[in-house]
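Understanding the architecture of this molecule
Residues per chain, in single letters:
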Amino acid sequence: MITSCSMRHRTTSWWLLGKTTCPRRYRRVVSRLVASTHEEADIRITQQAIHLAKEDPESHVRVVCDDTDVFALLAYYYLSEKLQSSLTMQSPIMGRSCIDVKETARKHSAIVPELLALHALTGCDSVAATYGIGKTKAIAVARKGYTLDHLGKPLANIVEVTEQATAFMGACYGITTPTSSMTKIRQKLWAQKTGKSTAAPKLCSLPPTTEALEQNVRRAHHQVTHWYSALSGDPPTLAAVEHGWEADDTNKCLIPRNMEDGVSYAPEHILKLVRCGCTSERACRGGKCGCMGRQLPCTMFCTCGGGTACSNPFNITDSATDHADIPDDSDEANDRAMDVDDKDDE
C-alpha cells in the first residue's frame, strides 16, 4: 500500500508493502524506489506504485490518495507499461468509492494515452482551469480526433504546441473553424452570445485571449514534461521561468505569469474608454458629457447609444462635421450644455 502524506508536506511520501517473502528483497526494492530527484509528491507516489506493480505481476498495489493528478498518472502508466497486477486507488476519506485503475485503463484505453495532456491543459494542480470546460467535455473533444501529442514533449516547438492547444480549446468551446488565434474565437463567441440575447454575456464564459492562453499552455507543457518523466527518476531540464512562471525572490517561490511583459491587458482605446450618461434630446452637446470632455467618441455602451441622436463632435459619423465648428468653450456650447444630463459614469 502506498499512501500520500498531508498537504503540508507535499514533497514527501512513504510506502508499505502488504507482504514480502524476503526482508532483504524488501530493502532492495525500497532503496531503488527512493532514488528520485523529482520534488512533486504526485510523481513520486506514481513512480513507487508503478515500480512495485512491475516488480510482482501477482501483487496488489493500493494507493491511498485523493488526487486527480495521481489518478491520471496511474491510469496512463498502467496502460503504457502494460501492467498486469492489480492496482487500485482509495480515498483516505471514509465512504468514498475505491477506483480500480486496472479496469479503468483497460476500459478507456483509447483515450488514456492523451489523458495527461488534456488533463493538464484543462486544469490541474499547477495549471489554471477554464470556466465551463471540464474533463468530460475535453474527453469528448479528444474522441472527435483533436490531439495534444505535442504537449509535454521536451523537444517540441512551443509555437506548434500552442497552435495545437488553441485548436483543442476552440473545439471545447464549439468552434471548429481552424484558427491559431484564441482572441478571434473569443470575438466569435461574443458575437454569437450577444446575437441571441440583449443582455451582455458573462465575461467568465468567454475563452481567454491569445496572450493569456499562451501562458497557460506553457505551464501545461512544463507540467506534462515532468509527468512523462515520472519513471525516469530525474525531471527534465526545462526552465520554469520560460514556461509561464515568474521567480519571486522575496518569498522564494514561483508565481504564474498572466501575460508577457509589455503586453497590455486590453487595447489602449479600451483602457481609455468612458461611458457617458447623457439622456437629453440633444445629448452630448457640451463639456459636461464625459466622452466629449475627454475628446473621445460615444459608443453603443453610452446611454445616448452613440447614434444619430448623439451630438458628440468626436463621433465618426456623417453628422459629426456639422457640429465640429462649435468649440468646447463657446457660449453656444455652454448654453446647450444646460440640456445635458449631468450624469457621467466612467
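Cut-offs applied
Residues numbered from 1 in each chain as written. Predicted model: local features only at pLDDT ≥ 70, side-chain atom pairs only at ≥ 80, totals over all residues. Heavy atoms only, no water. Helix = DSSP H or I, 4+ residues; strand = E, 2+ residues; numbered from the N terminus. Buried < 20%, exposed > 50% of the residue type's maximum accessible area, 1.4 Å probe, protein only. Contact = heavy atoms within 4.5 Å. Core = buried A, V, L, I, M, F, W, Y, C linked by side-chain atoms within 4.5 Å. Phe/Tyr/Trp six-rings, centres within 6.5 Å; stacked < 30°, edge-to-face > 60°. Salt bridge = Lys/Arg side-chain N within 4 Å of Asp/Glu carboxyl O. Pairing = 2+ DSSP bridges. pLDDT = per-residue confidence, 0-100. Expected span 1.5 Å × (residues − 1). Axes fitted to C-alpha atoms, helices over the stretch in contact; angles between N-to-C directions. Left-handed = near helix turned anticlockwise from the far one by under 90°. Nonpolar A, V, L, I, M, F, W, Y, C, P; charged D, E, K, R; others polar.

**Quick notes on the overall build of the chain**
Counting its regular elements, the chain contains twelve helices and nine strands. For the chain, the residues scored as buried account for 41% of the 346 residues in total. Relative to all contacts within the chain whose residues are 6 or more apart in sequence, the contacts with residues 24 or more apart total 60%.

**Here's the deal with the nonpolar core**
The nonpolar side chains of a soluble globular protein tend to be buried, and buried together. With 56 residues, the main nonpolar core has Leu74, Leu121, Leu151 and Phe168 as its most contacted residues. No other element matches helix H3 (residues 68–80), which puts eight residues into this core. The contact partners of Leu121, leaving out residues within four places of it in the chain, are Val127, Ala128, Leu148, Leu151, Ala165, Phe168, Met169, Asn216, Val217 and Ala220. In terms of nonpolar packing, the next biggest core, distinct from the first, is built from twelve residues, Ala283, Cys289, Cys298 and Cys302 among them.

**Quick word on the packing of aromatic side chains**
One pass over the full model with this rule turns up two aromatic pairs. Consider the rings of Tyr76 and Tyr77, whose centres lie 5.0 Å apart with planes at 85°: the pair is edge-to-face. In this structure, Tyr76 and Tyr77 share a single accessibility class: buried. Here Tyr76 and Tyr228 contribute two aromatic rings whose centre-to-centre distance is 5.5 Å and whose plane-to-plane angle is 40°, an arrangement assigned as tilted. Within this pair, whereas Tyr76 is found in helix H3, its partner Tyr228 is found in helix H9 (residues 210–228), the two being separated by 152 residues in sequence. The rings of Tyr76, Tyr77 and Tyr228 are connected pair by pair, giving a single aromatic cluster.

**Focus on the pattern of salt bridges**
As enumerated under the stated definition, the model contains four salt bridges in all. One salt bridge in this structure joins Lys54 and Glu81, with 3.1 Å as the shortest N-O distance. Here the residue Lys54 occupies a position in helix H2 (residues 41–55), and Glu81 occupies one in the loop between H3 and strand S4 (86–90), the gap between them amounting to 27 residues. Assessed through its relative accessible area of 29%, Glu81 is described here as partly exposed.

**Re the pairing of strand S6 (residues 245–248)**
Note: S6 against strand S7 (residues 253–256), four bridges, orientation antiparallel. The residue bridging Trp245 from the neighbouring strand is Pro256, located in S7.

**Structural notes on the confidence of the model for the chain**
Overall, the prediction assigns the chain a mean pLDDT of 80, with 79% of residues at 70 or greater. Scored below 50 in pLDDT, residues 3–32 shows 40 contacts in the model against residues more than four places distant or in partner chains. Taken as a whole, residues 318–346 scores under 50 in pLDDT and shows 46 contacts with residues more than four places along the chain or in a different chain.

**Describing unusual backbone geometry**
The phi dihedral of Lys82 is positive, around 55°, even though this residue is not glycine. Within the secondary structure, Lys82 sits in the loop between H3 and S4. At Lys252, a position not held by glycine, the phi torsion is positive, near 55°. Summarising the element assignment, Lys252 is placed in the loop between S6 and S7.

**Focus on H2**
Between its terminal C-alpha atoms H2 stretches 21 Å, which fits the 21 Å expected from 15 residues at 1.5 Å a residue. Most of H2 is tucked away, with twelve of its 15 residues classed as buried. Of all the positions in H2, only Ala41, Asp42, Ile43, Arg44, Ile45, Thr46, Gln47, Gln48, Ala49, Ile50, Leu52 and Ala53 are classed as buried.

**Topic: the packing of H2 against H3**
For any two helices packed against each other, one specifies the crossing angle of their axes together with the interaxial distance. Put simply, H2 and H3 touch, their axes get as near as 9 Å, and they point 35° apart. By crossing handedness, the relation of H2 to H3 is classed as right-handed. Contacts between H2 and H3 involve Asp42, Ile43, Ile45, Thr46, Ala49 and Ile50 on the former and, on the latter, Asp69, Val70, Leu73, Leu74, Tyr77 and Tyr78. Per-class residue counts for the contact of H2 with H3 are nine nonpolar, one polar and two charged.

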